[in-house]
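Listed here are the chains, written in short residue letters.
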Protein chains: 2
Amino acid sequence: MGTIFKERTKVDDARRIFLDVIQPIGDTEKILVEACSGRVLASEIIAQRNVPHYRRAAMDGYAVRSSDTIGASPTNPVMLHVDDEITEGVGVRVHTGSPVPEGADAVIMIEDTRLIGDMLEIRAQVHPHKHVGCVGEDIHEGEKVLSKGHLLRPCDSAVIASLGIQSVLVYRKPVVAVIPTGEELLPRTTAGIPPSGMVLETNSLMVGLYVEKWGANARYCYIVLDKPKLIREAIQSNLDADMIVICGGTSVGERDHVPEVVDSLGKILIHGVGLSPGKPTALGIIGKVPVVCLPGYPVAGLVGLFAFARAALRKVGHVPDVPDTVVRLPLKSKISSRIGYMTYARVVIDNDVVHPLMTSGSGVLSSVAKSDGFVIVPENVEGYVEGQNVDVVLIE
Amino acid sequence: MGTIFKERTKVDDARRIFLDVIQPIGDTEKILVEACSGRVLASEIIAQRNVPHYRRAAMDGYAVRSSDTIGASPTNPVMLHVDDEITEGVGVRVHTGSPVPEGADAVIMIEDTRLIGDMLEIRAQVHPHKHVGCVGEDIHEGEKVLSKGHLLRPCDSAVIASLGIQSVLVYRKPVVAVIPTGEELLPRTTAGIPPSGMVLETNSLMVGLYVEKWGANARYCYIVLDKPKLIREAIQSNLDADMIVICGGTSVGERDHVPEVVDSLGKILIHGVGLSPGKPTALGIIGKVPVVCLPGYPVAGLVGLFAFARAALRKVGHVPDVPDTVVRLPLKSKISSRIGYMTYARVVIDNDVVHPLMTSGSGVLSSVAKSDGFVIVPENVEGYVEGQNVDVVLIE
């Protein structure tokens, strides 16, 4: 980068300062349970019925009065009649999940019985309630099954649907406006090789696909030239969004106006972080709308996105924090890092060995496609040596 | 379960035997790059252009002939003219990303210059190529950028789009037919509390949402009664799918016909695994269609789904194996496990401590909603003791 920032905030401090000003959205919506995967509950789920809602046989076998089985054993079996209703001395055939007929208080497993004609040999004693699922034993009416704020997984859908619930109240998906800036940019659908000095705009696509993966709806905005007035208009026309991500124009060069414009409309909280790549990242807020200003360099932008935008978006959308997927493997060769910077070193995993990519440029696009993950070197560590075991955060 | 299986295959063996017979699908489709996230490349991506496609300034500063800067230093600066074209003794203003004008072979950082009127003071010497990104330096024309079989991430979309590529060839999404069986089942939209002995069918919803999360399209089938003829017809009418998951009817009771029917149409490879819960899981193949028969008990079905269906689906759809998200934390109380069974113990994480859920039943629905993850106890381990650090696989 080379440019000089007035400040350089530590990544964790910057993230905390930013998250502190973010208000989660309040809007909710009702959705069908079949669409609930990945959404966040906006109200608790209370069971309106018991599970099971009837006395349920937990085994294949015979429903009996347990008192009829006292003393039964393989060497000293008890003989019962088989019938459809329970009275003294009668067993009723049940399957797993069947109702246990009135009068019976236990189920004897089929393995502990033998059918001889219409007589049933009972070869074990059963206690009252044995293999009988009581009403409400699993979930009782009025019980809280899932809490407000729970991130719904497919397995939760089964529990919810089992209670006869067809729809759930969830938080609305946040809308994230993604604004690419830079006069060197052309729409990525431009035919042919661009003129010298012009490049295809692709950062907004990357950001948009990530925020959608993280549970938001992306609003893709048109390219904005490096003019404060135009940047201001683009931001103002997106202040109805729940979050704004601006790509490019965040450094301190002649063409970098984004943080200044954000500050004029609201407040820039952070400009310049101890993040490598990603130092020119700026974080601000306009009214209630958090604004993440990412460097235009693709790798720096990606790192800024992971380091700040993801956590911010989770807070906006009430999404609980999920740990990264990490693998711990030995390094093929050393990783160097500057003290004072949290460094995201791009690495390839090959045969369970971590190979650092030999590129330092924050603009080197190919390094993104080649990387399996990042080794994140904290600010106070100078790097890692060959052979050392390191945590690789897989790039999702 | 209590029922007796002829065999009880180890989980890893069962998975290997099953995966060995699975053929990945061959069909491909062309999709727009904006829809590529989570899809798998069916052909490599070759760059048809250079990145950068012009000589690019890597810094804000002045493009110069490096020979003009020889000997320059803060105490002994060299003076150049500023102009729009390079000749001897001329510097041309460039921004990061600007084309480096013909005749210039280096860029001097703005920090190493001072503008005095229209004269430029050069306070450092630069070598040829300094801060100049050569044509194709990042990605060169003809280079393979991404391999066939690569799982596309949002960051890859930016790389692909930067090459002017609008669409990519990916494998078609597998279709997974999900067939619920059981005469105790009612459609989950049934109003009111079901009669005794009847329950709402929710396993297919859970399975469907998981397979969609794992990159497939789910085909939700209607409930099939426990009649071999009906099960056979349901399977036959779904043999155009890429995989079939059948819920229920996999045990060895009177009403369990599924494995037998699958075997009559194709081949059951595995019936009964050393998995707890999930022992009655059966795995088979009909023609080219892998068939996963899951126990009807929700928790057992969920575990069977994670242990077998996910890996199978990944193979069908060419999706590379992704490690689970795991956190390592101490146990609040012991977990017991039966030797010979791989046990999926449901746990809650509270204040960075792992609490085993005190439920043993494979049907206990509420335990699914309450669990954050599984502690997986291998076959040869009897369990874990209080205070021991364990890996918790988070339930996705």
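The structure displayed is predicted, hence computed values, not measured ones.

Our next topic: the packing of helix α1 (residues 11-21) of chain A against helix α6 (residues 298-317) of chain A. Residues and elements named next belong to chain A. Where α1 meets α6, the closest approach of the two axes is 10 Å, and the angle between their N-to-C directions is 30°. Our classification of the angle between α1 and α6 gives roughly parallel. Between α1 and α6 the crossing geometry is right-handed. Taken together, the residues of α6 that come into contact with α1 (itself represented by V11, A14, R15, F18 and L19) are A307, F308, A311, A312 and K315. Here the contact of α1 with α6 is built from residues that sort into 8 nonpolar, no polar and 2 charged.

Residue and element names in this part refer to chain B. Axis separation between helix α4 (residues 228-236) and helix α5 (residues 258-265) bottoms out at 10 Å; the angle between their running directions is 55°. The orientation of α4 with respect to α5, classified from their angle, is oblique. Between α4 and α5 the crossing geometry is right-handed. Residue-level contacts link P228, I231, R232 and I235 of α4 to V258, E260, V261, V262 and L265 of α5. The class makeup of the residues in the contact of α4 with α5 is 7 nonpolar, no polar and 2 charged.

Counting residues at the interface gives 60 residues for chain A and 60 residues for chain B. Among the elements that make up the side of chain A that touches chain B, the one with the highest residue count is helix α2 (residues 154-162) of chain A (8 residues).

Now for helix α6 (residues 298-316) of chain B. Residue and element names in this part refer to chain B. Its maximal kink placed at L305, α6 deviates by approximately 40°. Of all 19 residues in α6, 18 are buried; the element is thus mostly enclosed. Downstream of α6 by one or two residues, H318 has phi in the positive range, about 65°.

Residues and elements named next belong to chain A. Taken in spatial order, the 6 strands line up as β7-β4-β6-β5-β9-β8 in an open sheet, and their pairing is mixed. Looking along the sheet, the strands with just one partner apiece sit at the ends: β7 (106-109) and β8 (113-116). Neighbouring strand axes in the sheet, compared pairwise and without regard to direction, differ in orientation by 40° on average. Pairing of β8 with strand β9 (residues 119-122) involves 4 bridges; the strand directions are antiparallel.

Our next topic: the domain arrangement of chain A. All names here are of chain A. What the domain assignment reports for chain A is domain 1 (11-27 + 174-317), domain 2 (28-51 + 137-171), domain 3 (56-133) and domain 4 (326-394). Taken together, the 12 residues of domain 1 in the interface contact 13 residues of domain 4. Elements supplying a minimum of two residues to the side of domain 1 that touches domain 4: β19 (275-276) and α6. No other element matches the 5 residues that α6 contributes to the side of domain 1 that touches domain 4.

Here we take up the environment of E102(A). Here E102(A) lies in the loop between β6 (90-94) and β7. Residues E102(A) and I285(A), 183 residues apart in the sequence, show an inter-C-alpha distance of 65 Å.

Okay, the sheet that holds strand β20 (residues 282-286) of chain A next. Residues and elements named next belong to chain A. Pairing in this open sheet of 6 strands is mixed, and the strands run β16-β13-β17-β21-β20-β18 from one edge to the other. Sheet topology places β16 (217-220) and β18 (267-271) at the edges, where each strand pairs with a single neighbour. This sheet shows a mean twist of 20° between the axes of neighbouring strands, independent of strand direction. Here 4 bridges tie β18 to β20, and the two strands are oriented antiparallel to one another.

Reading guide: rules and limits
- Residues numbered from 1 in each chain as written.
- Chains lettered and ligands numbered in written order.
- Predicted model: local features only at pLDDT ≥ 70, side-chain atom pairs only at ≥ 80, totals over all residues.
- Axes fitted to C-alpha atoms, helices over the stretch in contact; angles between N-to-C directions.
- Helix = DSSP H or I, 4+ residues; strand = E, 2+ residues; numbered from the N terminus.
- Parallel < 35°, antiparallel > 145°, perpendicular 65-115°, else oblique.
- Left-handed = near helix turned anticlockwise from the far one by under 90°.
- Contact = placed C-beta atoms within 7 Å.
- Nonpolar A, V, L, I, M, F, W, Y, C, P; charged D, E, K, R; others polar.
- Bend = angle between axes of the 7 residues up to and from the residue.
- Buried ≥ 20, exposed ≤ 12 C-beta atoms within 10 Å, placed from the backbone.
- Pairing = 2+ DSSP bridges.
- Domains from an automatic or database assignment.

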